[in-house]
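Understanding the architecture of this molecule
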Amino acid sequence: MERRWKTIIEPFKIKAVEPLGFTTREERENILREAGYNVFAIPADKVLIDLLTDSGTSAMSAEQWACLMRGDESYAGARSFYRFEKAVRDLTGYRHVLPVHQGRAAERILMGVTGGPDKVFLSNSHFDTTRANVESTGAQALDLPVAGALDFAVPAPFKGDMDVRALEANIRELGAGRVPMIIMTLTNNSLGGQPASMKNLREVSEVARHYKIPLILDVARFAENAFFIKLREAGYASRPVAEIAREMFSYGDGCMMSAKKDALVNIGGFLALNHDDWVRRAREVLILGEGFPTYGGLAGRDLEAMARGLEEVLDEQYLTYRLRSIEYLGEGLRKAGVPIVEPPGGHAVYVDARRFLPHIPREQFPAQALVCELYLTAGVRSVEIGSLMFGPEARMELVRLAIPRRVYTQSHVDFLIEVFADLTRRAGGVRGLRLLESTPSLRHFTARLTPQPA
Ligand SMILES: *Cc1c(COP(=O)(O)O)cnc(C)c1O
């Protein structure tokens, strides 16, 4: 398109539609009470706009739906597998490609092969399932985000970077033998969906090479990260985003991917590695838990749709719209006086509940209180990233508004901004919550809560 137009439009037209779940305030009060003030327990058809996650919620393209009919469902050596394997190899350059049913299966397999008591995994930030899979082997997961990553009010272009000096200091102190791998999460989901720079990735890979520790990329949102590099990092503005993505992968020795994000599908994932010995062992675990290595817990049609999605996600019209739509929500919230994590991330805007609801103490789950108030007010579902998710040692009280890919339009976002403007005026009246029941690990999925008395 010519550059003269300012308005960035959704680069698609809509062929199939689904109704939104309209409810009354009274219905929502009952639904939330029955759900134990945990939005994971709310039936999706009682949600008007669902920002719980961008995972597995993408709208597939007409071409991807067509891929489903081309799926080869042979048990071994299906045509769809070879197409998928080629797509992943062309993108990543890694030799071995193992499909899995979703990202955490790749984590469980790889951590199972490399983890164990006494081992320490080092990352810019482990995603919650990554951490859980590291810890379940008895190993420790250490986050080494760059300085400033937790200063939510201060914008910076690459807050997803790793603290390279801390990385090196930790390796020296632990001894390289205790560090099975270094993990770069791209973008950094747990800290606001912020990108890492190519420069940082290069520096981390130099440290990894020096100490002969494999660098594994957690690439759920590799395309968003690559486009941020194109927009923000010197020297990349005129490089095609596909080339930038390939350069990112070139610094790693392998990757874990949740295809439910940047492969634009509803289920799927993969593990891609150069390490022959790890792959041999990973294949054995894969067969035990997921299936034969040419389908890995998926149908042939899923592999086709993933292969296609990995190509579509690198379309620059798509990525321009994608990052602009998140930024547009961020701008609207900022104007409405809502404190957000700056700058907006690649897949979500994060509201800082500690600043938005300063009258609610930590022990009363301010971020979860805001999640509940959003649902009560307008049927909008979001998710807490705070002390309900991480326990009392949580370093943040955030509400994540994750935007599904190619699903909502600008008027949905304008509506969200209006809802938040209304909430800003009533914030002082929002009440905290008390925990009734929970499980020890990943408790935010199943916890039950109740409002504090007025
Ligand atoms: C979603 C996600 C995972 C886990 O993937 P699932 O497909 O949900 O199992 C791992 N890492 C990151 C960064 C993610 O965003």
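Refer to the structure presented above.
In this report, the structure presented in the accompanying data block is examined. (Residues numbered from 1 in each chain as written. Predicted model: local features only at pLDDT ≥ 70, side-chain atom pairs only at ≥ 80, totals over all residues. Heavy atoms only, no water.)

**Observations concerning the nonpolar core**
To be explicit about the condition: The term nonpolar core refers to a set of buried residues drawn from Ala, Val, Leu, Ile, Met, Phe, Trp, Tyr and Cys, joined through side-chain atoms within 4.5 Å. Relative accessibility thresholds used throughout: buried, under 20% of the residue-type maximum; exposed, over 50%; partly exposed, between the two (1.4 Å probe, protein chains only). The way it works is that DSSP assigns letters per residue, a run of H or I at least four long becomes a helix, a run of E at least two long becomes a strand, and they are numbered from the N terminus. Domain start and stop points were drawn from an automatic or database domain assignment. The contact criterion used is simple: two residues touch if any of their non-hydrogen atoms lie within 4.5 Å.
Core analysis: the biggest nonpolar cluster contains 63 residues, and Leu167, Ile182, Met184, Leu217 and Phe222 have the highest contact counts within it. Ranked by residues supplied to this core, first place goes to helix 8 (residues 222-232) with 6 residues. Formed jointly, this core draws a minimum of three residues from each of two domains, domain 1 (25-47 + 315-451) and domain 2 (62-312). Setting aside residues up to four positions removed in sequence, Leu217 forms contacts with Tyr94, Met184, Leu186, Leu201, Met248, Phe249, Gly252, Gly254, Cys255 and Met256. Residues Ala35, Phe365, Ala367 and Val383 belong to the second largest nonpolar core, which totals 51 residues.

**Some thoughts on the packing of aromatic side chains**
Inclusion rule: Here a Phe, Tyr or Trp ring, Trp counted by its six-membered ring, pairs with any other such ring whose centre lies within 6.5 Å, and the pair is stacked when the planes are under 30 degrees apart, edge-to-face when over 60, and tilted otherwise.
The tally for this structure, following the rule as stated, stands at 10 aromatic pairs. Taken together, a centroid distance of 5.8 Å and an interplanar angle of 45° make the contact between Tyr75 and Phe292 tilted. With a gap of 217 residues between them, Tyr75 in the loop between helix 2 (62-70) and helix 3 (79-92) and Phe292 in the loop between helix 10 (276-289) and helix 11 (300-312) connect regions that are remote in the sequence. Phe292 gets classed as partly exposed once you look at its relative accessible area, which sits at 31%. When the ring of Phe222 is compared with that of Phe249, the centres are 5.6 Å apart and the planes differ by 55°; the resulting orientation is tilted. In this pair, Phe222 sits in helix 8 while Phe249 sits in helix 9 (residues 241-250), placing the two residues 27 residues apart along the sequence. Given the relative accessible area of 1%, Phe249 is considered buried. Counting every residue linked through ring pairs, the aromatic cluster contains Phe12, Tyr318 and Tyr321.

**What to know about unusual backbone geometry**
Put simply, Leu186 and Thr187 share a cis peptide bond, and its omega is -10°. Backbone geometry at Tyr37 places phi at a positive 55°, although glycine is not the residue there. Position of Tyr37 among the secondary structure elements: in the loop between helix 1 (25-34) and strand 1 (49-50). A positive phi angle, close to 65°, is found at Arg406, a residue other than glycine. Overall, Arg406 belongs to the buried group, its relative accessible area being 15%.

**Observations regarding the environment of Phe152**
Considering the arrangement of structural elements, one finds Phe152 in the loop between strand 4 (140-143) and helix 6 (164-174). C-alpha of Phe152 to C-alpha of Glu397: the two residues are 245 residues apart in sequence and 11 Å apart in space. The residues contacting Phe152, other than those within four sequence positions of it, are Lys159, Ile340, Val341, Glu342, Asp352, Arg355, Met396 and Leu398.

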